[in-house]
Amino acid sequence: RVGGAARESAARRRASGRATSDVDGASGRATSADAFDLGQAIGTLARGERGATLPPGRVGALGVRETLEYLADSNGFVRRRVERYGPIFKTALFFKPAIVFGSREAVREFLKFEGELPADEALPETFRELHTEYGALRMTGSRHAATRANFGKVLGRAALESYAPAIGERTREFVEDVARRCGKETSSFRPGAECVDFALDLLFELFLGHVPEAKYKDAMKAYNGGLLSLGKWSSEFKAGKLALEDLTSYVEAHYRGVKARGELDRPEYFFYKQYSQAVDEFDEVFSDDRIATTCVLMVWGSYIEAAALMGHACVLLGEHDDARRAVLREFERVCCDDENGCRRIGTLADIMSMQYTSAVAKESLRVMPQTAGGLRVNPSPRKFASFDVPAGYVLTADPRIPFRDEANFPDPDAFKPERFVPGTHEAKQNDVSSETYYPGGMGQHQCPGISLATVMTQIFLAELVSAFPNGWRGKTAPKYVQVPIVILDREYEIEFLR
């Protein structure tokens, strides 16, 4: 990976040099370097774009080719287009024409008007319905602001302090179970499957106060599968819709029981307590139905994001022994002594002391991005980054563009956690800001759960390197599921070294 960085960078520069000769950015017309593209020509006419100065790229009549390519390999999709067209290009996402960008200048300009743009219409129809009317990704304006105001109460610093003991205890139990199993039966571990199951159990416990029976965990996975199904006709969508109904009914009944028994002040019901006091844009207290639906949505968004990051960081540490040993040294410094051995990580102060391990999680998010930027619909024609943006186009600031920009992160293909350790040589060389590093998206719809996912990953990595100090290796090359976020395939295995 690191050794090929120079070659890949040179190839990227050569490809960038070809971009202007391959595509006429003024209208999307093919030049001599491209064969005539009937789909793009029809799309240009149908959308009334003749004469407009759009970014370079391709948008077919229906966006089918581009959407299917994106769903097959989202990270590769963006990388190939940046190499060909540069840091701003037109394409199609989820069958809608889109302009994808990531340069500092474009991001800065976008943030000036991003809050005015509707988000709901940019989402796939299946996602819109299953995300429900209570989902923040569908909201704008005062309704969105009021909904987001409640997130800080369950995902901010006070919440992390409340969750830290349970995260530390459950993570040690999880890793100890893996170690016992590997000592007796096998030396392999499937992070794409086992981290998902662990994270789902843990997020249920943090937000509901307990882990429900297996059928509700299966329902959450079915709901996840339905969110980005290709249509309402699909079996995945139908299963996801039924799963959502089962989950919200279960959580609402459980919440009402906790409230009726006067148990909201018990520490395990911290999440319920905060949302029992949540108010909307009209200062009305949330209904029980809205609290239950919000809880389901928060478990979904948090567990899949945390599991993805845990898996990616695990793979990267397995490939980089120096980084793995540095995580182990840090864990021993924070949690171990000669007299008492190594205690579990149990407080937010412990977590905050693990600066290098936090950097591993942040660098893992950069090297292996999990999600795209948020999608917004441009409601009326505008100028953006010196280009024309027709009404109806989706605009998205994609973090994968600045993450691979050498001006922001020198040697961008290399895994270097030191980039995020203040005071290091690598950190001084990097240009890290809200305009160049936004793994959870940006603006009003940026993911609020990145901090929780990072905390869970830090503790997991520290416990894993302590249990397996000789490291691990993948049995095969990693495979990934691409949607709704990039995550390791469930069948991928690593082998612990003796």
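Look up: the structure comes first, before these words.
First things first, this report covers the structure right here in the doc. Remember, it's a predicted structure, so these values are computed and weren't measured experimentally.

Here is what the cut-offs are and how they apply
- Residues numbered from 1 in each chain as written.
- Predicted model: local features only at pLDDT ≥ 70, side-chain atom pairs only at ≥ 80, totals over all residues.
- Heavy atoms only, no water.
- Salt bridge = Lys/Arg side-chain N within 4 Å of Asp/Glu carboxyl O.
- Buried < 20%, exposed > 50% of the residue type's maximum accessible area, 1.4 Å probe, protein only.
- 1 Å grid on protein atoms, 1.4 Å probe; cavity = no way out; pocket = protein on both sides within 12 Å on 5 of 7 lines; lining within 4 Å.
- Points joined across faces, edges and corners; volume = space filled by probe spheres on them.
- Helix = DSSP H or I, 4+ residues; strand = E, 2+ residues; numbered from the N terminus.
- Nonpolar A, V, L, I, M, F, W, Y, C, P; charged D, E, K, R; others polar.
- Contact = heavy atoms within 4.5 Å.
- Disulfide = S-S within 2.5 Å.
- Pairing = 2+ DSSP bridges.
- Axes fitted to C-alpha atoms, helices over the stretch in contact; angles between N-to-C directions.
- Parallel < 35°, antiparallel > 145°, perpendicular 65-115°, else oblique.

Another aspect to go through is the pattern of salt bridges. Counted according to the given criterion, the structure contains 43 salt bridges. Here Arg-58 ties to Glu-66 by a salt bridge, and the two come within 2.2 Å at their closest N and O atoms. The same class applies to Arg-58 and to Glu-66, which are both buried. Between Arg-343 and Asp-350 there is a salt bridge, with its nearest N and O atoms 2.8 Å apart. The exposure class of Arg-343 is partly exposed, given its relative accessible area of 39%. Residue Asp-350 is classed as buried on the basis of its relative accessible area, which comes to 8%. Each of Glu-69, Asp-73, Arg-80 and Arg-81 takes part in salt bridges that share partners, so that together they form one network.

Inspection of the entire model under this criterion finds two cavities of 30 Å³ or more. The calculated volume of the largest cavity comes to roughly 960 Å³. Lining the largest cavity are 47 residues, and of these Phe-127, Leu-137, Trp-300, Thr-371 and Cys-447 sit closest to its centre. Counting only elements with at least two residues in the lining of the largest cavity, the list comes to α6 (125–131), α7 (141–155) and α13 (288–319). Ranked by the residues each element gives to the lining of the largest cavity, the list is headed by α13, at eight residues. For the lining of the largest cavity, a count of residues per class yields 25 nonpolar, 18 polar and four charged.

Before going further, it helps to examine the environment of Gln-446. The topology assignment puts Gln-446 in the loop between α18 (425–429) and α19 (450–467). Along the sequence, Gln-446 and Thr-132 sit 314 residues apart, while their C-alpha atoms lie 18 Å from each other. Ignoring anything within four residues of it in the chain, the contact list for Gln-446 reads Arg-148, Gly-440 and Gly-441.

Once that is clear, we can look at the state of the cysteines. Across all of its chains, the model carries one disulfide by this definition. Disulfide pairing places Cys-336 opposite Cys-342 at an S-S distance of 1.9 Å. In this structure the cystine formed by Cys-336 and Cys-342 twists about its S-S bond by roughly 110°; its chirality is therefore right-handed. Of the cysteine sulfurs around Cys-195, a residue in no disulfide, the closest is that of Cys-314, at 6.3 Å.

All right, on to the pairing of strand β2 (residues 96–101) then. Looking down a regular strand, the side chains alternate between one sheet face and the other. The element β2 is extensively covered by neighbouring structure, given that five of its six residues are classed as buried. For strand β1 (residues 88–93) and β2, the ladder comprises six bridges, and the chain directions are antiparallel. Note on β2: the bridge partner recorded for Ile-88 is Phe-101. Once β1 ends, the chain turns through two residues before running back antiparallel as β2, passing Phe-94 with a positive phi of about 55°. Both β2 and strand β9 (residues 394–397) contribute to a ladder of four bridges, which runs parallel. Each bridged residue has a counterpart across the sheet, and for Ile-99 the counterpart in β9 is Leu-395.

Attention shifts here to the sheet that holds strand β6 (residues 376–377). An order of β1-β2-β9-β6 is seen for the four strands of this open sheet, with the pairing classed as mixed. Strands with a single pairing partner mark the edges of an open sheet, and in this sheet they are β1 and β6.

To continue, consider the packing of helix α3 (residues 64–72) against helix α4 (residues 74–85). Interaxial distance between α3 and α4 falls to 5 Å at its minimum, and their mutual angle equals 120°. Comparing their axes, α4 and α3 come out oblique. Each of Glu-66, Glu-69, Tyr-70 and Ala-72 in α3 lies in contact with α4, whose residues at this interface are Ser-74, Phe-77, Arg-80 and Arg-81. The class makeup of the residues in the contact of α3 with α4 is three nonpolar, one polar and four charged.

Spatial relationships are all this shows, so hold off on functional conclusions.
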